[in-house]
Amino acid sequence: MIVILALLLAADRPVIDLSGGRVQAYPLAMARPLGAQDTGVAVQSVLGQDFERSGLFKLLDPASFLAPPGEGLTGIDYSKWQAVGAQALVKMSCETAAAELKCDLRLYDVARGQELLHGTYSAPRPALRQLAHRFGDDVVHYFTQEPGVFQTRIAYVRETEQGKQIIAADWDGANAQPMTGASINLLPAWTPDGRLIAFTSFRDGAGAHIYTVDVATRQVRPLVLMGDFATGAVFAPDGLRFLFSASVDGNADVYVSEADGSAGRRLTDARGIDISATWSPDGKRVAFVSERAGTPQIYTMIADGSEVRRLTFQGNYNQEPAWSPKGDLIAFSGRDEHRVFDLYTVAVEGGKIARLTQNQGTNEKPTWSPNGRYLLFSSTRGGRRQLYVMQPDGSNQRAVTSEKLGASDPAWGPLPPK
Amino acid sequence: MTESIHKSVLTLEGRTGITPGVALAVLLHASVFGAALYLPLLFDRPTPLRKPIIAHMVALGKPRDPHLLPRKDTAPPAAAAAPVSRPSLKSAPAAPAVVKHEPTRRELMERALARAAGKAAPEAREEPDPERAGSPQGSPEGTAQTAEEGDAYFTAVHDAILENYVVPSVISERERLYLSATVLAYIGPSGQILKHEFQKKSGNHFFDEALDLAIQRSKLPPPPADLAASLRDSGVVLNFRP
């Protein structure tokens, strides 16, 4: 009887649905390093930039810390870290030998007073940044159960006085290394194994064609030399084929080819240009830009060229599609009514468009991180075109490059092999 | 001498079945059900709200042409400076970008109430976004693009909790799709949360901890007289999704 009455009373309760809570960075404290100070501070600096740029963590101000600077890796007074608002704590102790450095890196849960991660990381001295990135990725993986991107590489085009060269760099813009000379080189794209970068180049003096460069040896080889121009190679997730655009009879169309450049086959044949093709993460579909309806819009099709479907209906100039690794969104740049290009995402199912950038210069060429958590893009917000990274909802926008004459055309490389 | 036989007054004559007892029990249960269902009507109690409708003020603006690309309500924060390409051995990690403080919904509401009461301190007028989506009849403090009806008190409860509702960024987007938790909260006459308990936890430690904090930090307005007793005794169910 009591149960029935309780149920009757419970049925009277009003119900409020709450969604759309603010996504907020997790407060993390990084204690003063123990051991070799120079090495510890340098590792901490790289790690701190990784954490902040990731948008996952909010680093607490060391000036507010209450724990004694010499507090060890064990016997931690968690109440002192809790009092400054920390929910996670990172501690480290580093040693340096002749050519090698070694760090004991640990992650703690402050609220529960538990050690969560503990590892000894070693690397040759010049690879200090990689050591920090490796621990950072382990921390990200612990919390999110997804791979981190701190060890990934990016490629982009560097403006020089002699032309445009292809650069490979760490995800944070550090360790930038030229892959090509400075003729006109554009649109880099990684192979899924990260060994080659395909790019479009005017190097042969007979129009634009597609080449590859070996990241380790810098050896350049031609990949597609067909037509008046061939441009914008993008490799399939399995690495066995690639898409590109080519103009053979004066009309640009989307083509697909074997990984070695053989057996090229045209996928589109509509009137007007069809360019900027990109793969879905399962390699079964393709997104591309077509002018077939009068203005450049984003379309999708099956990878054999069938079932073409228009995806964007807002705006009159949408270009540069990039399919998210999770498959649900396509990022693109679109020109708004003020004739400025900004970045948007469109839902593959339903076509809902969300705006990511606004009132900050021209923003173009989005490329996804391999875990789908970030977008890298170019922007003129600071004057010269540079690269910036943000989260797919447009939050946490941060500069990546500070090239003297500018940087453009970013392409995010694959996750490092396990 | 007559043999006297003592019998209990409750003893039924002869051999009887259990039918009368069952009938009595059914009758009693039916009475209780009937009382539970109809007594509230006799006392003219308003029908309780099962699913409050949450509404917000419509923003002042002009309806946007659906053929145009969408605009954001506010510009995103400025980007931080680019990092140096080599690690600095002495410097601390780069400071995050300075973000202009955007007024919260509560602050906007308080400003509007203060203005209505003639207590508003002179404040620097922010330049309104001329392209903001809304209605020509809307309010500068509005947050919704279209008008709907709603329950004023539950909208206030919703907004007060939402203001403190934080989803930790370390929860992956994929996991956020499936997270949900239900909390039963009891509200006192002055709006204080008397107690709260999880009816269903999400299973994610970070998410449940954040909900606990959100409820503890929320300052609710006093409930109206007709809801005060039920919110104090029966509570309100809060269904959370990220």
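Please read all numbers here as calculations on a predicted model, not as lab measurements. (Residues numbered from 1 in each chain as written. Chains lettered and ligands numbered in written order. Predicted model: local features only at pLDDT ≥ 70, side-chain atom pairs only at ≥ 80, totals over all residues. Heavy atoms only, no water.)

Engineer: Can you help me understand the overall build of chain A in this one?
Structural biologist: For chain A, the count of helices and strands is four helices and 32 strands. Considering only contacts in chain A between residues 6 or more positions apart, those separated by 24 or more positions represent 39%. A total of about 16,800 Å² of accessible surface is found on chain A, and carbon and sulfur atoms cover 51% of it. (Helix = DSSP H or I, 4+ residues; strand = E, 2+ residues; numbered from the N terminus. Contact = heavy atoms within 4.5 Å. Areas by Shrake-Rupley, 256 points an atom, 1.4 Å probe, with all protein chains shown as cover.)

Engineer: I'm lost on the environment of Glu 364 of chain A in this one. Help?
Structural biologist: Residues and elements named next belong to chain A. The residue Glu 364 is located in strand 28 (residues 363-368) in this model. Among the residues examined, Glu 364 registers a relative accessible area of 16% and is labelled buried. Sequence separation of Glu 364 and Tyr 211 is 153 residues, and the distance between their C-alpha atoms is 23 Å. In contact with Glu 364, other than residues within four places in its own chain, are Gln 319, Glu 320, Ser 333, Phe 341, Leu 343, Phe 377, Ser 378 and Arg 385. A polar contact is formed between the side chain of Glu 364 and the side chain of Arg 385, at a distance of 2.9 Å. (Buried < 20%, exposed > 50% of the residue type's maximum accessible area, 1.4 Å probe, protein only. Polar contact = N/O pair within 3.5 Å; in protein donor to acceptor, adjacent residues only side chain to side chain.)

Engineer: Explanation requested: the sheet that holds strand 9 (residues 153-159) of chain A in the structure shown.
Structural biologist: Adjacent strands of a sheet form backbone hydrogen bonds with each other and so pair up, either parallel or antiparallel. Residue and element names in this part refer to chain A. Reading across the sheet, the four strands line up as 11-10-9-32 and stay open at both edges, with antiparallel pairing between neighbours. The sheet is open, and its two borders are formed by strand 11 (177-178) and strand 32 (407-412), each paired with just one other strand. Pairing of strand 9 with strand 32 involves four bridges; the strand directions are antiparallel. Counted as the bridge partner of Ala 155 is Ala 411 from strand 32. (Pairing = 2+ DSSP bridges.)

Engineer: Looking at this model, I keep getting lost on helix 5 (residues 205-217) of chain B. Mind explaining?
Structural biologist: In an α-helix, one full turn covers 3.6 residues, which means residues spaced three or four apart are oriented alike. Residue and element names in this part refer to chain B. The end-to-end C-alpha separation of helix 5 is 18 Å, in line with the 18 Å expected for 13 residues at 1.5 Å each. Where helix 5 is concerned, the buried positions are Phe 206, Phe 207, Asp 208, Ala 210, Leu 211, Ala 214 and Ile 215. Where helix 5 begins, the capping side chain belongs to Asn 204, and its oxygen is found 2.8 Å from the backbone nitrogen of Phe 206. (Expected span 1.5 Å × (residues − 1).)

Engineer: Teacher, can you tell me more about the packing of aromatic side chains here?
Structural biologist: What describes a pair of aromatic rings is the distance from one ring centre to the other and the angle between the planes of the rings. Under the definition given, this model contains 25 aromatic pairs over all chains. In this structure an aromatic cluster arises from ring pairing among Tyr 26, Phe 51, Phe 57, Tyr 142, Phe 143, Phe 150, Trp 171, Tyr 374 and Trp 412 of chain A together with Phe 206 of chain B. Over the face of the ring belonging to Tyr 211 of chain A we find Arg 203 of chain A, whose NZ or CZ atom lies 5.6 Å from the ring centre. The residue whose ring lies beneath Arg 292 of chain A is Tyr 299 of chain A, and the NZ or CZ to ring-centre distance is 5.4 Å. (Phe/Tyr/Trp six-rings, centres within 6.5 Å; stacked < 30°, edge-to-face > 60°. Lys NZ or Arg CZ within 6 Å of the ring centre and 35° of its normal.)

Engineer: Looking at this structure, how should I read the state of the cysteines?
Structural biologist: Working definition: the covalent bond between the sulfur atoms of two cysteines is a disulfide. All names here are of chain A. Scanning the model with the defined rule gives one disulfide over all chains in all. Two residues, Cys 94 and Cys 103, share a disulfide whose sulfurs are 2.1 Å apart. Residues Cys 94 and Cys 103 are joined by a disulfide whose S-S torsion is about 110°; by sign, that bridge is right-handed. (Disulfide = S-S within 2.5 Å.)

Engineer: Sorry if this is basic, but what is going on with the nonpolar core here?
Structural biologist: One recurring pattern in soluble globular proteins: nonpolar side chains tend to sit buried together. Within the largest apolar cluster, 72 residues are counted, with the highest numbers of intra-cluster contacts made by Phe 51, Phe 57, Val 90 and Phe 143 of chain A together with Phe 207, Leu 238 and Phe 240 of chain B. When residues of this core are assigned to their parent elements, the largest contribution, seven residues, is made by helix 4 (residues 128-144) of chain A. The residues contacting Val 90 of chain A, other than those within four sequence positions of it, are Leu 28, Ala 29, Met 30, Ala 31, Leu 47, Phe 51, Arg 106, Leu 107 and Phe 135 of chain A. Of all hydrophobic cores here, the second largest spans 15 residues; its members include Phe 65, Tyr 78, Val 84 and Tyr 108 of chain A. (Core = buried A, V, L, I, M, F, W, Y, C linked by side-chain atoms within 4.5 Å.)

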